[in-house]
Amino acid sequence: MIRDCGGMSSEKPKDRHHHGNLRAALIEAGIALLTEGGLDALTLRKCAARAGVSHAAPAHHFDGLDGLRVAIAEEGFDRFRRRMLAYADAGPQTPRDRLFGICRGYLAFARQEPALYDLIFSFRANSRMIKDLEEGSAPSYMVLRESCAPFQPAGADPVILETQVWSLVHGYAMLILTGRFGDTSARDEEFLSVLDRIIAPPLSP
């Protein structure tokens, strides 16, 4: 039953979204649920209700709850990538400044969208998305790879430097989210300064 300007109507509720954008609407609804209540708040039924569609609608677009989580994570990784690039593009364009910029964008995303950040890194190592990250083929990982490339020692495995940088910023982000440093970026530069030691060329023997 829906209310009309002339009183009560017996018409059934209709989906508020056309078929073409329903999938995107369900993903946005899922992100809203995550933001409000974390991973436990994300269900197909709640997602459908939030998007204003029947509870059966998600079945046409996702393979159960896991499929919805993957779709939301894919959107999350895209937002993550764009946030890092936005920070890198906003500052000076030296290789060092761009590397520091993507790390600041990484931390900003973790602070501003903690539930989505938790989701994108919640998948097990055997999942496709995590395999893409580990193999360096994911678009978000390519941002890191391209930023680290100018500092790669000749003949070295690039994954070593990339993993060192990623471990530093990801570990710091996780400590921030657990409340170790409070909700402030005041100490970010102090911690990111360690990057200069990681990217510095080795001393000659």
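Definitions and limits used
- Residues numbered from 1 in each chain as written.
- Predicted model: local features only at pLDDT ≥ 70, side-chain atom pairs only at ≥ 80, totals over all residues.
- Heavy atoms only, no water.
- Helix = DSSP H or I, 4+ residues; strand = E, 2+ residues; numbered from the N terminus.
- Expected span 1.5 Å × (residues − 1).
- Buried < 20%, exposed > 50% of the residue type's maximum accessible area, 1.4 Å probe, protein only.
- Axes fitted to C-alpha atoms, helices over the stretch in contact; angles between N-to-C directions.
- Parallel < 35°, antiparallel > 145°, perpendicular 65-115°, else oblique.
- Contact = heavy atoms within 4.5 Å.
- Nonpolar A, V, L, I, M, F, W, Y, C, P; charged D, E, K, R; others polar.
- Phe/Tyr/Trp six-rings, centres within 6.5 Å; stacked < 30°, edge-to-face > 60°.
- Lys NZ or Arg CZ within 6 Å of the ring centre and 35° of its normal.

This part takes up helix α3 (residues 64-90). Between the first and last C-alpha of α3 there are 39 Å, a value that for 27 residues agrees with the 39 Å anticipated at 1.5 Å per step. All of the buried residues in α3 are Gly67, Leu68, Ala71, Ile72, Ala73, Gly76, Phe77, Arg79, Phe80, Arg83, Met84 and Ala88.

Right, let's get into the packing of α3 against helix α7 (residues 139-148). In the contact formed by α3 and α7, the axes pass within 8 Å of each other and the chain directions differ by 25°. Taken together, α3 and α7 sit at an angle that is classed as roughly parallel. On α7, the residues touching Phe77, Phe80, Arg81, Met84 and Leu85 of α3 are Pro139, Ser140 and Val143. Classifying every residue of the contact of α3 with α7 gives six nonpolar, one polar and one charged.

This brings us to the packing of aromatic side chains. By the definition in use, this model includes twelve aromatic pairs. Measuring from ring centre to ring centre gives 5.2 Å for Phe80 and Phe109, while their planes differ by 50°; the resulting arrangement is tilted. Here Phe80, found in helix α3, pairs with Phe109, found in helix α4 (residues 95-112); they are 29 residues apart in sequence, far enough to count as distant. Neither Phe80 nor Phe109 differs from the other in exposure class; each is buried. One aromatic cluster in this structure is built from Phe77, Phe80, Tyr106, Phe109, Tyr117, Phe121, Tyr141 and Trp166. The ring of Phe100 carries Arg96 above its face, with NZ or CZ at 4.0 Å from the centroid.

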